[in-house]
Amino acid sequence: MNLGVRWTLHGDGRTPAPGAVVRPDERLSWPRTVGLGAQHVVAMFGASFVAPVLMGLDPNLAIMMSGVATAIFLLATRGTVPSYLGCSLSFVGVAAAIRASGGTSATVTGAVLVVGAVLFLAGLAVRKFGARIIHAAMPPVVTGAVVMLIGFNLAPVTAATYWPQDQWTALLVMLFTGLAVVCLRGFWSRIAIFLGLVFGYALSWVLDLTFGRIHSMSPSGQVTDHWRLDLSGVSQADWIGLPSFHGPSFEWSAILVALPVVIALIAENAGHVKAVGEMTGDDLDDKLGTAIAADGAASMLSTAVGGPPNTTYSENIGVMAATRVYSTAAYWAAAGFALLFGLCPKFGAVVAAIPGGVLGGITVILYGMIGLLGAQIWINAKVDLRNPLNLVPAAAGIIIGVGGVKLTFTDTFELGGIALGTIVVITGYHVLRAFAPDHLKEQEPLLDSGTSSYESGADGGAKG
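Residues numbered from 1 in each chain as written. Predicted model: local features only at pLDDT ≥ 70, side-chain atom pairs only at ≥ 80, totals over all residues. Heavy atoms only, no water.

- As annotated in an unreviewed UniProt entry, the chain carries the name Nitrate reductase and comes from Streptomyces cinereoruber.
- In its Sequence similarities (unreviewed entry) section, the UniProt entry covering the chain states "Belongs to the nucleobase:cation symporter-2 (NCS2) (TC 2.A.40) family." (UniProt positions renumbered as here; feature names shortened; annotations may be inferred.)

Okay, structure coming up:
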């Protein structure tokens, strides 16, 4: 059985020839391949660091399971879809909503495990019936609206939780990260979030040395005097050890909040598979169902032991575009590095010590980018918002999702925010379409035409 773990040496093993690319079943010399694997790890650092911290989960376990998830994905796709799977930012809003209603880490991972199972089944359905079943249920106007409300639903988290902890650090980190995203080129622009974290970390340390403790809201929510950067947990952590595991807990209210993220993950996978196919020159349309199912299976395994869900990372797709090296051997090397990082509790303690003000500056940009990906889906699919069939359900669902509108059924069950907004978008669109006059029922572009655009030059990269 071909598992995609055998590679032929490309040329002299040093660099691709002018105009040539290193294909998925090829590799450079092993030292260069390992170096590329390390570069892929750095590229995914920013989001993979931030996401588990924002979700309240163990960053060590998140990094470790990202390596496991990548290995599962590469085996499932037989090494034909070079991609790295890291912690999905689409679930940050879900985790915040579940915790706000009294949920624990087990409740969060239980709800997300169900999402992984649904994603796995969706992938199997796409393999059997083709991607058109996705297009029929979730045309671009629906997908874009759901992604948008998921991202913008996070705005109160930044405003109420992170920014007040250190507003001036948050402002400076926001400005630095914005400049890094816009002004840097190539690989450096793709790790702008990571650079913003490093800058904020160093800035907080300098401010502590210069001005002492800050009087503001602490991570516990109380206004008190505290250090911006508290490294006490780092000194107590071991160098080698296993991350903390826990089992999932299943609650219907939490599951209903989490389920809408399936739509965002399907859109992400479709766009990323299409982008990889365009870069490698391979027709990967028949791999879309397998990729979605592999993502779901990897997320189920991760959340079953207490880790976060995973998805393919556009940052790493951008690294491939810049280097012209699409070898899956580099991703196996990256997965190995992630496993090693996961076995270092001191590394996780450094991540967990990221100051709240730093997260405030990062999340202002990050959450907004997640929301605006929905607008990007609309633009790429040429969704006409002048058409009331598109405008009405999207407008209503986004306001419900962003504003936290709630629909109370009993004293113990209510729908609101992301869950209710998604239901309104999907059902609203299809109900209105059933009664709309023919001239409003324009043909929707297919979802697998891609949700992101990637440049092939060294100065290009993934913006997603």
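**Some thoughts on the overall build of the chain**
- Tallying secondary structure elements over the chain gives 20 helices and 8 strands in all.
- Relative to the 2.2 N^0.38 estimate, which gives 23 Å for 464 residues, the radius of gyration of the chain is 22 Å and therefore close to what a compact globule would have.
- Considered along the principal axes of its C-alpha atoms, the chain spans approximately 70 × 65 × 40 Å.
- By sequence separation, contacts in the chain at least 24 residues apart represent 79% of the contacts at least 6 residues apart.
- Accessible surface for the chain amounts to roughly 19400 Å². Of this, 65% is attributable to carbon and sulfur atoms. (Helix = DSSP H or I, 4+ residues; strand = E, 2+ residues; numbered from the N terminus. Rg over C-alpha atoms; globule rule 2.2 N^0.38 Å. Contact = heavy atoms within 4.5 Å. Areas by Shrake-Rupley, 256 points an atom, 1.4 Å probe, with all protein chains shown as cover.)

**Remarks on the pattern of salt bridges**
- In total, this model carries 3 salt bridges according to the counting rule given.
- With its nearest N and O atoms 3.2 Å apart, the salt bridge here joins Asp166 to Arg228. Here Asp166 is found in the loop between α7 (155-162) and α8 (167-183), whereas its partner Arg228 is found in the loop between β5 (223-226) and α11 (232-236), with 62 residues between them in sequence. When sorted by exposure, Asp166 lands in the same class as Arg228, which is buried.
- Measuring nitrogen to oxygen at the nearest pair gives 3.0 Å for the salt bridge that ties Arg386 to Asp384.
- A relative accessible area of 74% places Arg386 in the exposed class.
- Classification of Asp384 by relative accessible area gives partly exposed; the value is 22%.
- Connected through salt bridges with shared partners, the residues Asp166, Asp208 and Arg228 form a single ionic network. (Salt bridge = Lys/Arg side-chain N within 4 Å of Asp/Glu carboxyl O. Buried < 20%, exposed > 50% of the residue type's maximum accessible area, 1.4 Å probe, protein only.)

**As for helix α19 (residues 388-403)**
- With 16 residues, α19 should cover 22 Å at 1.5 Å per step; its first-to-last C-alpha distance of 22 Å lies within 8% of that length.
- Three or more residues of α19 are buried, namely Leu389, Asn390, Pro393, Ala394, Gly397, Ile398, Ile400 and Gly401. For α19, the angular spread of buried residues about the axis comes to 165°, placing them on one side. In α19, the exposed residues that point more than 90 degrees away from the buried face are Ile399 and Gly403.
- Contact partners of the buried residues in α19: α6 (140-152), α18 (356-381) and α20 (417-435).
- Backbone nitrogen of Leu389 and a side-chain oxygen of the N-cap are separated by 2.9 Å at the start of α19; the cap is Asn387.
- Gly404, located one to two residues past α19, shows a positive phi value of around 70°. (Expected span 1.5 Å × (residues − 1). Arc of directions from axis to C-beta. Polar contact = N/O pair within 3.5 Å; in protein donor to acceptor, adjacent residues only side chain to side chain.)

**Some remarks on helix α13 (residues 261-280)**
- Compared with the 28 Å implied by 1.5 Å per residue over 20 residues, the 29 Å span of α13 between its first and last C-alpha is a close match.
- For α13, a buried count of 18 out of 20 residues is recorded, marking the element as mostly surrounded by other parts of the structure.
- At the exit of α13 stands Gly281, carrying a positive phi of roughly 80°.

**Section: the environment of Gln167**
- Looking at the secondary structure, you find Gln167 in helix α8.
- For Gln167 and Ser327, which are 160 residues apart along the polypeptide, the C-alpha to C-alpha distance reads 43 Å.

**Points about a nonpolar patch on the surface**
- Nonpolar side chains collect at one region of the surface, where Leu385, Leu391, Val392 and Leu432 lie side by side and expose about 290 Å² of accessible area between them.
- By secondary structure assignment, the location of Leu432 is in helix α20. (Patch = residues over 30% accessible without salt bridge, like charges linked within 9 Å, V, L, I, M, F, W, Y side chains within 5 Å.)

**Quick word on the nonpolar core**
- One finds Val50, Met55, Ile266, Ile362, Tyr367 and Trp378 to be the most contacted residues of the largest nonpolar core, which totals 104 residues.
- Top element by residues in this core is α13. It accounts for 11 residues.
- The residues contacting Val50, other than those within four sequence positions of it, are Ile193, Leu197, Leu359, Ile362 and Leu366.
- Counting 5 residues, the second-largest nonpolar core is a separate cluster that includes Leu28, Leu36, Val325 and Ala330. (Core = buried A, V, L, I, M, F, W, Y, C linked by side-chain atoms within 4.5 Å.)

**Looking at the packing of α8 against helix α10 (residues 192-211)**
- In the contact formed by α8 and α10, the axes pass within 9 Å of each other and the chain directions differ by 150°. When the interaxial angle is binned, α8 and α10 end up roughly antiparallel. Here the hand of the crossing between α8 and α10 comes out right-handed. Here α8 contributes Thr169, Leu172, Val173, Phe176, Thr177, Ala180 and Val181 to the contact with α10, which in turn contributes Ala192, Ile193, Leu195, Gly196, Phe199, Gly200, Leu203, Ser204 and Leu207.
- Per-class residue counts for the contact of α8 with α10 are 11 nonpolar, 5 polar and no charged. (Axes fitted to C-alpha atoms, helices over the stretch in contact; angles between N-to-C directions. Parallel < 35°, antiparallel > 145°, perpendicular 65-115°, else oblique. Left-handed = near helix turned anticlockwise from the far one by under 90°. Nonpolar A, V, L, I, M, F, W, Y, C, P; charged D, E, K, R; others polar.)

**Digging into the packing of aromatic side chains**
- Taken as a whole and judged by the stated rule, the model has 2 aromatic pairs.
- Seen in terms of ring centroids, Trp7 and Trp30 are 6.0 Å apart; in terms of plane orientation they differ by 85°. Their pairing is edge-to-face. Of the two residues, Trp7 sits in the segment before β1 (8-9) while Trp30 sits in helix α1 (residues 30-55), which places them 23 residues apart along the sequence.
- Judged by its relative accessible area of 19%, Trp7 is buried.
- Using a relative accessible area of 42% as the deciding quantity, one classes Trp30 as partly exposed.
- Arranged with centres 4.3 Å apart and planes meeting at 5°, the rings of Phe176 and Phe199 form a pair that is stacked. Of the two residues, Phe176 sits in helix α8 while Phe199 sits in helix α10, which places them 23 residues apart along the sequence.
- We classify Phe199 as partly exposed; its relative accessible area is 28%.
- Sitting over the face of the ring of Phe129, Lys128 holds its NZ or CZ atom 5.7 Å from the ring centroid.
- Sitting above the plane of the Trp239 ring, Lys346 keeps its charged end 5.2 Å from the centroid. (Phe/Tyr/Trp six-rings, centres within 6.5 Å; stacked < 30°, edge-to-face > 60°. Lys NZ or Arg CZ within 6 Å of the ring centre and 35° of its normal.)

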